[in-house]
Amino acid sequence: MFSNEDRNLLELISQDSRQTPEQLAIQTGLSIGYIENRIQQWVEDRIIIYRPLVNWERTGDQYVSALIEVRVIPQRGFGFDRIAKRLQKFPEIKAVYLMSGGFDLTLMIEGKTMQEVALFVAEKLAPLEHIQSTATHFVLRRYKQDGVELMGEEEALARLVVSP
Amino acid sequence: MKEYLSPVARNLPPSGIRKFFDLVSTMKNVISLGVGEPDFVTPWTVRESGIFSLEQGKTMYTSNSGLIELRNELSYHIAHDMGIEYAPEDEILITVGASEAVDLAMRALLSHGDAVLIPDPAYVSYAPCATLAGAEVNYVPTHAEDGFRLRVADLEKAYTPNSKLLVLSYPNNPTGAIMTHEDYLPIARFVAEHDLIVLSDEIYSDLTYEGTHTAFASLPGMRDRTLHISGFSKSYAMTGWRIGYAAGNTDFIQAMTRIHQYTMLCAPITAQFAALEALRSAGKAMAEMVATYDRRRRLMVHGFQKMGLQCFEPLGAFYVFPNISATGLNSEEFAEQLLQEEKVAVVPGTAFGPSGEGHIRCSYAYSTEQLQEALKRMERFVHNRI
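Residues numbered from 1 in each chain as written. Chains lettered and ligands numbered in written order. Predicted model: local features only at pLDDT ≥ 70, side-chain atom pairs only at ≥ 80, totals over all residues.

K.L.:
Can you tell me about the domain arrangement of chain A, naming the residues and giving the values?
P.N.:
We note that the domain assignment places domain 1 (4–44) and domain 2 (56–140) within chain A. Spacing between the C-alpha centres of domain 1 of chain A and domain 2 of chain A amounts to 35 Å. (Domains from an automatic or database assignment.)

See below:
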């Protein structure tokens, strides 16, 4: 079980991973050494994975993403794991989830154009052995991802500069 | 046309904060640590329930005392969190912010010839409300070396035979001081011995960073002598909703309700529904805000100590109150020069009473980045003077 101190520390890192151990130490009251050890351990355990969240839509580059529902014939002795492991190797596929409900796997795919994504599905994905069917849903706009509101909150009314 | 004003209105001094506000408003690119309200937006579930109540057409007056559902929920929460039982029917009044409750309490309890004891430094509204109610004000100094806690020795010096009401306000704005159960025991004895009434403004009670908050009314014998006043502004980031409450014995609350019914009628219904939702479901959101304030608090105390200023550790509210006398400047000079030179706005301690001299109030209801930048600028400013 995580201690409250560790949870607090992890929460702080998840809000802004660029803070130095010293800055984290000041805010939590924990020692710098303890924090450095913890972070190192968490990185090794893949509890912390450092990657910036890139809002590609804002770069002005061509960019599309799609959610693909996949039905799979599970393999005896391996279930869905073998096909999932194979799928995750494709760089175009950014996320793979095993789902409950009407289909088996959800994939998140990124590409430059709709055509590029469609081609990938038609040529690489659908013909794979054990894949029964795919249904592609293109993302039209992303409002929120990983807890971050990508469109930005509406401009908040400014607070008074000085108030009692 | 000033001659038409009543002498009371004419002589009511402008708030010390107001003067500084006017100065800051004329400048650009200022980092202000002068704000006495959360930087968070009200948690979404709370906003959403306010919106939903409007969609349902709930736009009418409520009873003068406020929605009974809200009073029920408050009664439960006060009993659960602070161990004081108040009957929702006649011992709780929903008000337009804790500020209205303070005004009502003073008007219900005070008349000409009465005196009010107010710890100094203190929030800016108590003394003017006492004046408007016709009473005199006697300040009770508190001291930095004592963590700005209220002490009986100082109370005894300020006490006069006319003293009727003692104002308590912990966690404290502007100092961030808290009072523990042990700190309060001698105060409670003093109150009983001198037959005083207590107005305890506990608006920052949820922002207590060490130990648990003690409500003054929970002390032995104090429930019926105390008006317990609080609200939703600080705990749930709901300042603009204007919603608070008072709880106390039936006689006090009913007298306040009579004044409230003629002057205000009721608190806004939308804010009442939002407050109800806050109590029911925003506990986790509040805990997250409190944890964030706590981290910033440590950042600020560390920052001031590093620049060589004495800064006692505030354990409540969202203010630090460092001692700036090592710079050779007084509070107002420090605040004005800091603003001109480094474009950082803080509030001079004297805006909160004479005991605030030698201190400045810095709010940490700002993002970590803003606080770090402000500390950097202040360090430069202080370094040139120590």
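K.L.:
Residues and numbers for unusual backbone geometry, please.
P.N.:
Residue B:Asp120 is joined to B:Pro121 through a cis peptide bond whose omega torsion reads 5°. Positive phi values are uncommon outside glycine, yet A:His130 reaches one of about 75°. Mapping A:His130 onto the fold places it in the loop between α5 (114–125) and β4 (131–138). (Helix = DSSP H or I, 4+ residues; strand = E, 2+ residues; numbered from the N terminus.)

K.L.:
Give me the lowdown on the domain arrangement of chain B, citing residues and values where you can.
P.N.:
Residue and element names in this part refer to chain B. Each domain of chain B was delimited in the assignment, giving domain 1 (2–42 + 284–383) and domain 2 (44–281). Just the C-alpha atoms count here: the centres of domain 1 and domain 2 sit 24 Å apart. Across the contact, 35 residues belong to domain 1 and 36 residues belong to domain 2. Put simply, the parts of the chain that give the side of domain 1 that touches domain 2 at least two residues each are α2 (16–25), α11 (283–306) and β9 (319–320). Examining the composition of the side of domain 1 that touches domain 2, we find that six residues originate from one element, α11, more than from any other. Taken together, the residues of the side of domain 1 that touches domain 2 sort by class into 21 nonpolar, ten polar and four charged. (Contact = placed C-beta atoms within 7 Å. Nonpolar A, V, L, I, M, F, W, Y, C, P; charged D, E, K, R; others polar.)

K.L.:
Tell me what's going on with the sheet that holds strand β11 (residues 347–348) of chain B, and back it up with residues and numbers.
P.N.:
Residue and element names in this part refer to chain B. The strand order β9-β12-β11 describes an open sheet built from three strands, whose pairing is antiparallel. The open sheet has two edge strands, β9 and β11, and neither has a second partner. Note: β9 against strand β12 (residues 360–363), two bridges, orientation antiparallel. Bridge pairing in β12 links tyrosine 319 to serine 363. (Pairing = 2+ DSSP bridges.)

K.L.:
How would you explain the environment of B:Pro314 if you had to name every residue and give the values?
P.N.:
Residue and element names in this part refer to chain B. Within the fold, proline 314 resides in the loop between α11 and β9. Through-space distance from the C-alpha of proline 314 to that of alanine 275 is 28 Å; in sequence the pair is 39 residues apart. In this view, proline 314 contacts Thr175, Gly176, Ala177, Arg297, Tyr319, Val320 and Phe321; residues no more than four positions away in its chain are not counted.

K.L.:
An account of the interface of chain B and chain A is requested, with residue identities and associated values reported.
P.N.:
Taken together, the contact pairs 22 residues of chain B with 13 residues of chain A. Contributions of two or more residues to the side of chain B that touches chain A are made by α2 and α11 of chain B. Counted by class, the side of chain B that touches chain A contains 13 nonpolar, six polar and three charged residues.

K.L.:
Now, about α5(A): what can you tell me, with residues and values included?
P.N.:
Residue and element names in this part refer to chain A. Taken residue by residue, α5 has Val117, Phe120, Val121 and Leu125 as its buried positions. Take α5 and look down its axis: the buried residues cluster within an arc of 95°, on one side only. Projecting away from the buried face of α5 at angles above 90 degrees are the exposed residues Gln115, Leu119, Ala122 and Glu123. Tucked into the core, α5 has its buried residues touching β1 (64–72), β3 (105–111) and β4. (Buried ≥ 20, exposed ≤ 12 C-beta atoms within 10 Å, placed from the backbone. Arc of directions from axis to C-beta.)

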